[in-house]
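# Breakdown of the fold
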Amino acid sequence: MSHTLGIRQAQKQKTRQAFLDAALALLEEQSLSSLGLREVTRAVGVAPTAFYRHFRSTADLGVALVDEALGSLHPMVRTTVSTAGDSEERITRAVRLIADHVAAHPSHVRFIARERHGGVQPVREAIQAQLARFAEEVKAELAKDPEAEGWTDDDLLMLAHLYVDQMLITASLFLEALEAPEPSEAERRRVAHVATRQMRLISIGRQHWLD
């Protein structure tokens, strides 16, 4: 009996993932607010009624996509601001990690960039909640740095939000470079150079904040 339940659960999870993958592919060319339920079920090859065994609505599907796109990023985000190495090493590491993630998961990055300010409120709220978690985690890492001595929690959180926002901007720039009509290594290096300078500016401001 338990073996049968295990098979059913595995099949249910497989179908649910098929919905997520199909929606993500369809969202490469449109926003979530314009995505139709029948489009998704047609792409998966199931009846529309099957959709409701996994999601309450396309908004619910979008929230699940947010969890998939951002939920696994928490270790990477903490690594980008790890106290290991000096300031330049941290910046170089952060830019490289972001570039590699965009190259590996362009559809997820595109989805978050588009829906962060999109027309589906539950999805916007889910993205903001994840970004708030990122900021709290970044703040916890920043607090470990000797440079954080004398900083208030509010100021550390403000700095953490600056870093998280910059990571999103950098990811969007790398995505634009990746999707250019003629993507090139030169353009990727240009984006990395700009991102490095922008993060360096935040770092310099951080060093002098208590002045």
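Before reading further, recall that the structure is shown in the block above.
In this text, all values refer to a predicted model and were calculated from it rather than measured experimentally.

In this section: the overall build of the protein chain. Scanning the protein chain from N- to C-terminus turns up 10 helices and zero strands. Traced from its N-terminal end to its C-terminal end, the protein chain shows the element sequence α-α-α-α-α-α-α-α-α-α. For the protein chain, the spread of C-alpha atoms along the three principal axes comes to 65 × 45 × 35 Å. Per-residue burial over the protein chain gives 41% buried out of 211 residues. The long-range fraction of contacts in the protein chain, counting pairs at least 24 apart against all pairs at least 6 apart in sequence, stands at 67%. Roughly 11,600 Å² of accessible area belongs to the protein chain as shown, and the carbon and sulfur atoms make up 54% of that amount. One way to put it: in the protein chain the 25 positive side-chain charges average out to a point 8 Å from where the 29 negative ones average out.

It is worth spelling out the packing of helix α7 (residues 106–115) against helix α8 (residues 121–143) at this point. Put simply, α7 and α8 touch, their axes get as near as 10 Å, and they point 110° apart. The orientation of α7 with respect to α8, classified from their angle, is roughly perpendicular. Considering the relative orientation of α7 and α8, their crossing is left-handed. Contacts between α7 and α8 involve F111, I112 and E115 from the first element and V123, R124 and I127 from the second. The residue makeup of the contact of α7 with α8, split by class, is four nonpolar, no polar and two charged.

Okay, the environment of G62 next. Summarising the element assignment, G62 is placed in helix α4 (residues 58–71). It is 8.5 Å that separates the C-alpha atoms of G62 and V120, two residues lying 58 residues apart in sequence. Ignoring anything within four residues of it in the chain, the contact list for G62 reads L32, F111 and V123.

Looking at the element boundaries, G6 is found in helix α1 (residues 2–26). Counting along the chain gives 119 residues from G6 to E125, while the straight-line C-alpha distance between them is 33 Å.

As for its position among the elements, L61 is in helix α4. We classify L61 as buried; its relative accessible area is 0%. Along the chain, L61 and I204 lie 143 residues apart, while their C-alpha atoms are 41 Å from each other. For L61, the residues in contact, after removing those within four places along its chain, are F19, L20, A23, V40, F51 and F55.

This paragraph deals with the nonpolar core. By size, the foremost hydrophobic cluster in this structure holds 57 residues, and its most contacted members are L61, V66, I98, F111, V138 and Y163. In contact with Y163, not counting residues within four places along its chain, are V81, V138, L142, I202, S203 and R206.

The next thing to look at is empty space enclosed by the protein. Summed over the entire model, instances satisfying the criterion amount to one cavity of 30 Å³ or more. Volume-wise, the largest cavity comes out at about 160 Å³. What lines the largest cavity is a set of 13 residues, among which S87, R90, I91, Y163 and R206 lie closest to the centre. Among the elements of the structure, α6 (87–104), α9 (153–178) and α10 (185–208) are those that each provide at least two residues to the lining of the largest cavity. Here the element with the most residues in the lining of the largest cavity is α6; it accounts for four residues. When its residues are assigned to classes, the lining of the largest cavity shows seven nonpolar, three polar and three charged.

About the criteria used
- Residues numbered from 1 in each chain as written.
- Predicted model: local features only at pLDDT ≥ 70, side-chain atom pairs only at ≥ 80, totals over all residues.
- Heavy atoms only, no water.
- Helix = DSSP H or I, 4+ residues; strand = E, 2+ residues; numbered from the N terminus.
- Buried < 20%, exposed > 50% of the residue type's maximum accessible area, 1.4 Å probe, protein only.
- Contact = heavy atoms within 4.5 Å.
- Areas by Shrake-Rupley, 256 points an atom, 1.4 Å probe, with all protein chains shown as cover.
- Lys, Arg positive; Asp, Glu negative; His and termini not counted.
- Charge placed at Lys NZ, Arg CZ, Asp CG, Glu CD.
- Axes fitted to C-alpha atoms, helices over the stretch in contact; angles between N-to-C directions.
- Parallel < 35°, antiparallel > 145°, perpendicular 65-115°, else oblique.
- Left-handed = near helix turned anticlockwise from the far one by under 90°.
- Nonpolar A, V, L, I, M, F, W, Y, C, P; charged D, E, K, R; others polar.
- Core = buried A, V, L, I, M, F, W, Y, C linked by side-chain atoms within 4.5 Å.
- 1 Å grid on protein atoms, 1.4 Å probe; cavity = no way out; pocket = protein on both sides within 12 Å on 5 of 7 lines; lining within 4 Å.
- Points joined across faces, edges and corners; volume = space filled by probe spheres on them.

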